[in-house]
Structure formats: C-alpha cells, structure tokens
Amino acid sequence: MQDQDNNKFSQNFNRRSLLKGGLALAGLSMMPGITTAANAESEVKHLMAKPGKRMLGKLEVSAIGLGVQNMHRTYQTTIPSRPEMLNIIRKAYDAGVTLFDTAEAYGPFECEKILGEATSSFRNKIVIETKYGWNIDQKTGQRLPGLNSQPTHIKEVVEGMLKRLRTDRIDLLYQHRVDPAVPIEDVVGAIQDLIKEGKVLHYGLSEPGVQTVRRAHAIHPVTAIQNEYSLLWRGPEEKIIPLCEELGIGFVCWSPLGVGFLTGAIDEGTRFAPGDIRATESRFANENLSNNLKLVSLLKDWAAKKQATPGQISLAWLLAKKPWIVPIPGTTQMVHMLENTRAADVKFSADELKAFNSELAGISVKGLRLPQMVLNFSDVEAPIKK
C-alpha cells in the first residue's frame, strides 16, 4: 500500500512539475534571493508540501520531527521510564508529528524497539527514519571498532531493524557515517536492492562529504541529508545546505537545540554528570561557555518579543532558513515535546529575521561541537570504486 501511494505521488509530482514548471520558474526568478534559472528550478523541487508540512525530496513530513535517541538513556546517564517514552511518542503523533528518527546505534537497538512499540497502531500514517553504519554485532549488540557499510552487513542490519520497528519497510534509511573503506557506489547498490524488495522506500546520508553525496545522488536520488545544525553550530551553511538546494535534497537537523544549550538549560554553573558527552565538548568548557551564552541571551530577548521560549525561537529560526529544512529535537519530557512541536507556529517577518540575523552575526561561537575523535567521522569521502 505504501509503495502504491509513493508511486502515485511520484506520478502526480511529475505531472504537476511539467504543467506548472514553466510558470513556477518564471515566478520564482523574480523572487528575492533567486537570481538564476538553476536556482529557481531547485526551489520548484521543494514547493510541493501541504500547509504545515515539508518535503524531504518527494517525502512529505511534519515541519518538526521527534528524535528518540535518548529514550533509552539520557545525556545525564539516567534511564527514562519506558511507559512514559511510549506515551511521549504517541502524544507527539497526536500533536501532528509524522517524522520519527532513530538508529540501530541508539542503545544499541533499544530506541528502535521503543519506537516500534509506540507507533505500531498508527504506523502507516507516519514516516520512520533510522540509520545503519556503525560496526555493531547484530546478534549481541556489541559495538565493534569503526564502521561497517559492507553491502551484506547493510542488508543484515535492515532485517533486524524491520523486526525491532515492527514494520515491513523503512521510510528513510540513512548511512549514519560514511565508511572510508566502502565505495558509495556499493552502498547505494545495496540500498537499491532493498528498495526493489520494498524494505526501504528512501535513503539518505548523515554527516557526509560533498563529493560522496554527488556520487550517491547520481546513482539513485538522495532524499535527505541529516547533519547537526543549529544556532550553536552553523557549519552546514558552508557546503551541505547549498548542495541540498542545488540537488533538491531535503535537510534534517539533528541536535537543533544544541544538546539543550539553546533552551537555556545550561549556564555557567552547570556541571555535567560522568558519562555525559557534553562534558567532552569544548564549546561547553569554562573558557568558552561565558562567550557562547551570548546566544542564549539573544534567544531570551527574542523569546520575550515573540511570546515564545528560547527553544521555540531556535527551532523557528531553522524553519525560516529553507522550506525543506526539518529539525528533529529529541526529549524525554512531555512538556518539552509539546513546546517543541508548537515552534512551527512561531513566525518571523522578513524584517524580524533580518534583525535577528544581524544580532546573530555579532556572536562568534567558541569551541568544538564534538570531541575531535568523533568529528573525524564527519565530512568523510567514500573511496573511489575501482
């Protein structure tokens, strides 16, 4: 049924593109910020969403998704109540969320199980995205060194995912990190096999190198790139977001609230629990924190102006960047989930956005977003196939 719906959508998309393409290109060419036919054509690819929805390629999702990474274990290393995590996911769906994000590495396996249990009653009405790519023993869940995107391993991983997620297909499957030992052509070949079998509907890449995206997209269209992106980390603006715009690829923001920082939950007196990854991120080190808290002050000022929360302003800013950007804030608190989903109702006028960005330009974030050993897995190019 899902495949038929996707095929109908694709056919309708192509018909509408042919009928409306000329008019849309002509109109878009006169819009601010669109100065070439190539740019206008790129924008057309992102104009198909219904009100309140967004398009990742040809995949329609809610403007804000829900990440379930910490639902098995929080940053503070506590174990959340499983019944409450199920309840949060279900209430998110009731609140209009249709994009739910997880990965085999979260647990490992546990967050996929939580998501599968929570969504079984409305599975056909949502989009589930998950990720493969770390070297995880599929029988024991043991984390082995490095990455593993060997085609046979990808297919084995997907079989386990389907069982844990209680589904017959994965709507959007990402390579969690580019494997420097496996040509992307081999990876995409395995994904194409899974698509033919109906086990995967769309695919994407997380934290990839630019040329790897181009090579993958040339074989089979990439639906979305998932990278860290927030007011605290704006690195994707340099290469990846322009690439997505050029190729008509959607963009999903992980950690859109800066691991809690942009909500105001972290201040100069914050001390992190043993095992909390934020303790290893130099952007939260004492020598950088006071400077970076200027961002929080900016958000609090604008939250007061807009009758919103700092977190909602952060998410609304991301939504205002491009109509095909979708943040997936994670939480283990019901009140925070509801707050996050309502961020889609916070709108910036053109003048407000200009003023906000002007103030933002005066703030330079100090420190690395992740430990260097983790950053080494980002922006990697897959080897050339021989």
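Rules of the game
- Residues numbered from 1 in each chain as written.
- Predicted model: local features only at pLDDT ≥ 70, side-chain atom pairs only at ≥ 80, totals over all residues.
- Heavy atoms only, no water.
- Axes fitted to C-alpha atoms, helices over the stretch in contact; angles between N-to-C directions.
- Helix = DSSP H or I, 4+ residues; strand = E, 2+ residues; numbered from the N terminus.
- Parallel < 35°, antiparallel > 145°, perpendicular 65-115°, else oblique.
- Contact = heavy atoms within 4.5 Å.
- Nonpolar A, V, L, I, M, F, W, Y, C, P; charged D, E, K, R; others polar.
- Core = buried A, V, L, I, M, F, W, Y, C linked by side-chain atoms within 4.5 Å.
- Buried < 20%, exposed > 50% of the residue type's maximum accessible area, 1.4 Å probe, protein only.

## Brief notes about the packing of helix 9 (residues 286-306) against helix 10 (residues 310-321)
To characterise two packed helices, one gives the angle between the axes of the helices and the distance between these axes.
Consideration 1: Contact pair helix 9 / helix 10: the axes reach a minimum separation of 8 Å and the direction vectors enclose 90 degrees. As far as their axial angle goes, helix 10 and helix 9 are roughly perpendicular. Of the residues in helix 10, those in contact with Leu299, Lys300, Trp302, Ala303 and Lys306 of helix 9 are Pro310, Ile313 and Ser314.
Consideration 2: Classifying every residue of the contact of helix 9 with helix 10 gives five nonpolar, one polar and two charged.

## As for the nonpolar core
Consideration 1: Core analysis: the biggest nonpolar cluster contains 91 residues, and Phe251, Phe261 and Phe356 have the highest contact counts within it.
Consideration 2: Sorting elements by how many residues they give to this core places helix 9 first, with eight residues.
Consideration 3: Apart from residues lying up to four places away in sequence, Phe251 is in contact with Leu56, Ile225, Asn227, Tyr229, Pro236, Ile240, Ile241, Cys244, Trp324, Ile325 and Val326.
Consideration 4: Ranked by size, the runner-up nonpolar core spans 14 residues in total, among them Val61, Val252, Val326 and Leu375.

## Some words on the environment of Glu110
Consideration 1: One can find Glu110 in helix 4 (residues 110-119).
Consideration 2: Among the residues examined, Glu110 registers a relative accessible area of 28% and is labelled partly exposed.
Consideration 3: The spatial distance from the C-alpha of Glu110 to the C-alpha of Met71 is 8.5 Å, given a sequence separation of 39 residues.
Consideration 4: Contacts of Glu110, omitting those with residues within four sequence positions, involve His72 and Arg82.

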